[in-house]
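These are the residues of each chain, in order.
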Amino acid sequence: MAKTTSKTQAKTKTTNKKPSTKSTAKATKPAVKAARTTKATTSRAAKKPAVKKAVATTKSTIKPAEAPKPVAKASVSGVTPLLNRLQVQLGIVFAVLAGLAAYFMNTTSVQVLLGHLTKDELASTAGTVLAPAAHVLYEVEFRWLAVGFLVLAAVVAILRGTKYLAKDQAAVTNKVSSLRWIDYAVTTSVAFSIAALLNGVQDLIALKLSAIAILISAYLAWVFERENAATGKPTRGIYAVSAVLAVLPVVFLVITMISTYIFGTDGASVAVRSPWYAYAAAAVVSISLLATTRIQWNGFKRQYDFAFVNRNLSRILVVSKLLLAVILIVGLQK
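Conventions used here
- Residues numbered from 1 in each chain as written.
- Predicted model: local features only at pLDDT ≥ 70, side-chain atom pairs only at ≥ 80, totals over all residues.
- Heavy atoms only, no water.
- Helix = DSSP H or I, 4+ residues; strand = E, 2+ residues; numbered from the N terminus.
- Buried < 20%, exposed > 50% of the residue type's maximum accessible area, 1.4 Å probe, protein only.
- Areas by Shrake-Rupley, 256 points an atom, 1.4 Å probe, with all protein chains shown as cover.
- Patch = residues over 30% accessible without salt bridge, like charges linked within 9 Å, V, L, I, M, F, W, Y side chains within 5 Å.
- Salt bridge = Lys/Arg side-chain N within 4 Å of Asp/Glu carboxyl O.
- Contact = heavy atoms within 4.5 Å.
- Polar contact = N/O pair within 3.5 Å; in protein donor to acceptor, adjacent residues only side chain to side chain.
- Phe/Tyr/Trp six-rings, centres within 6.5 Å; stacked < 30°, edge-to-face > 60°.
- Lys NZ or Arg CZ within 6 Å of the ring centre and 35° of its normal.

In this section: the overall build of the protein chain. From N to C terminus, the protein chain includes 11 helices and 2 strands. Going from the N terminus to the C terminus, the protein chain shows its helices and strands as α-α-α-α-β-β-α-α-α-α-α-α-α. Per-residue burial for the protein chain yields a buried fraction of 33% across its 334 residues. A total of about 20700 Å² of accessible surface is found on the protein chain, and carbon and sulfur atoms cover 67% of it.

Okay, structure coming up:
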């Protein structure tokens with residue numbers, strides 16, 4: 001009885017162990033397959049929306065950059081921003097003044113002479129005696145001189161406000177304004193010639209030398225300004241020559257005006273005076289030349305601020321042109 005029980009117990013143990021292992025193995029296989037399928041499906045499901053979202057986000061970020069607003073193009077290429085520029089506005093003002101000068105000014109003219117020596121027929125009895133003389137080269141009306149001056153000022157101002165606007169604006173950062181000195185040289189030399197003709201300077205050589213002196217003075221002033229921007233220590237000799245060349249025409253004009261008062265007498269020994277507009281034009285041009293020379297020296301002698309110096313020099317240039325135009329139109333009106 002004891003043997004049979006031990007054997008039967010051992011058999012029952014072995015029979016109980018085998019089905020348990022097989023059942024567990026069979027049960028784990030479907031569980032692993034299910035886990036693998038769930039992982040695969042979850043990974044696929046997780047990958048697909050992520051790609052779609054990334055594509056959607058990239059598309060959404062690219063779309064606003066590709067579509068520029070039409071309003072910005074209209075504002076840049078429109079007429080209103082062009083008219084808002086100061087130089088363009090000044091050009092329009094000078095053009096209007098040129099039209100007013102052509103319409104309202106009278107036909108007062110002046111002769112331009114060339115001095116020379118000629119034979120004195122009365123004194124040349126025993127031999128040739130030379131005497132000073134003057135040859136009339138041409139005669140021009142002050143009206144057309146004023147119109148030409150204002151048209152030139154208008155063209156220069158409009159070019160500074162349109163074609164050379166970027167270069168004119170870069171002058172503030174570069175601390176060198178070449179366009180302002182070109183404007184000063186061209187318009188001031190013409191303005192001085194008109195003022196000199198009004199006060200009796202009719203010799204062509206004197207007029208041309210005065211204009212050339214102003215042109216060279218403006219060039220040297222530009223060189224002085226450029227050296228200061230580059231090194232901070234400009235050559236004072238350049239400024240000295242520029243200042244002398246600017247002052248010499250003024251001295252020459254003042255001497256001519258004084259000579260008119262002293263020697264221009266009639267039969268009753270009464271001094272002859274020029275009309276008021278001749279004195280006014282000479283004063284405007286002379287003050288413009290002297291003030292430009294003085295302001296430039298003050299700007300470089302003290303603590304240098306290019307924006308301040310540039311603004312003052314530009315104001316003097318504009319105001320002098322406007323005043324000269326008004327003086328000519330009012331003084332020589334019909």
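A few words now on unusual backbone geometry. Phi angles above zero are rare outside glycine, and lysine 175 is one such case at about 65°. Structurally, lysine 175 is set in the loop between α6 (165-174) and α7 (178-198). With relative accessibility at 38%, the residue lysine 175 sits in the partly exposed group.

What follows covers a nonpolar patch on the surface. A surface patch of nonpolar side chains, amounting to about 600 Å² of accessible area, comprises Leu114, Leu137, Tyr138, Ile205, Leu209, Ile212 and Ile216. Taken together, the elements giving at least two residues each to the nonpolar patch come down to β2 (130-141) and α8 (204-231). No other element matches the 4 residues that α8 contributes to the nonpolar patch. By secondary structure assignment, the location of isoleucine 212 is in helix α8. Under the relative-accessibility criterion, isoleucine 212 is labelled partly exposed at 42%.

This brings us to the environment of serine 217. Within the secondary structure layout, serine 217 lies in helix α8. Exposure remark for serine 217: the relative accessible area of 4% places this residue in the buried category. Serine 217 has contacts with Ser242, Leu245 and Ala246, leaving out every residue within four places of it along the chain. Engagement of the side chain of serine 217 in a polar contact is seen with the backbone oxygen of serine 242, the distance being 2.7 Å.

What follows deals with the side chain of lysine 321. Inspection of the secondary structure puts lysine 321 in helix α11 (residues 306-331). Taking the relative accessible area as the measure of exposure, lysine 321 reaches 4% and is therefore buried. Apart from residues lying up to four places away in sequence, lysine 321 is in contact with Phe94, Phe149, Ala153, Asp183 and Thr187.

Right, let's get into the pattern of salt bridges. Counted by the stated rule, this structure contains 5 salt bridges. For the salt bridge of arginine 160 with aspartate 183, the shortest nitrogen-to-oxygen distance reads 3.3 Å. With arginine 160 in helix α5 (residues 142-161) and aspartate 183 in helix α7, this pair connects stretches of sequence that are 23 residues apart. Neither residue differs from the other here; arginine 160 and aspartate 183 are each classed as buried.

As for its placement among the helices and strands, alanine 195 is situated in helix α7. On the accessibility criterion, alanine 195 (0% relative accessible area) is buried. For the pair formed by alanine 195 and alanine 278, sequence separation is 83 residues and the distance between their alpha carbons is 6.6 Å. If near-sequence neighbours (up to four positions away) are discounted, alanine 195 is found in contact with Leu253, Ala281, Ala282 and Val285.

With that settled, consider the packing of aromatic side chains. The full count for this structure, using the stated rule, is 6 aromatic pairs. Judged by centre distance (5.5 Å) and plane angle (45°), the ring pair of phenylalanine 224 and tyrosine 239 falls under tilted. Of this pair, phenylalanine 224 sits in helix α8 while tyrosine 239 sits in helix α9 (residues 236-263); the two residues are 15 residues apart in sequence, bridging distant segments of the chain. Through successive ring pairs, a cluster of aromatic residues spans Phe224, Tyr239 and Trp297. The ring of tryptophan 181 has arginine 180 lying over it, and the distance from NZ or CZ to the ring centre is 4.9 Å. Against the face of tyrosine 103 rests lysine 334, its NZ or CZ located 5.4 Å from the ring centre.

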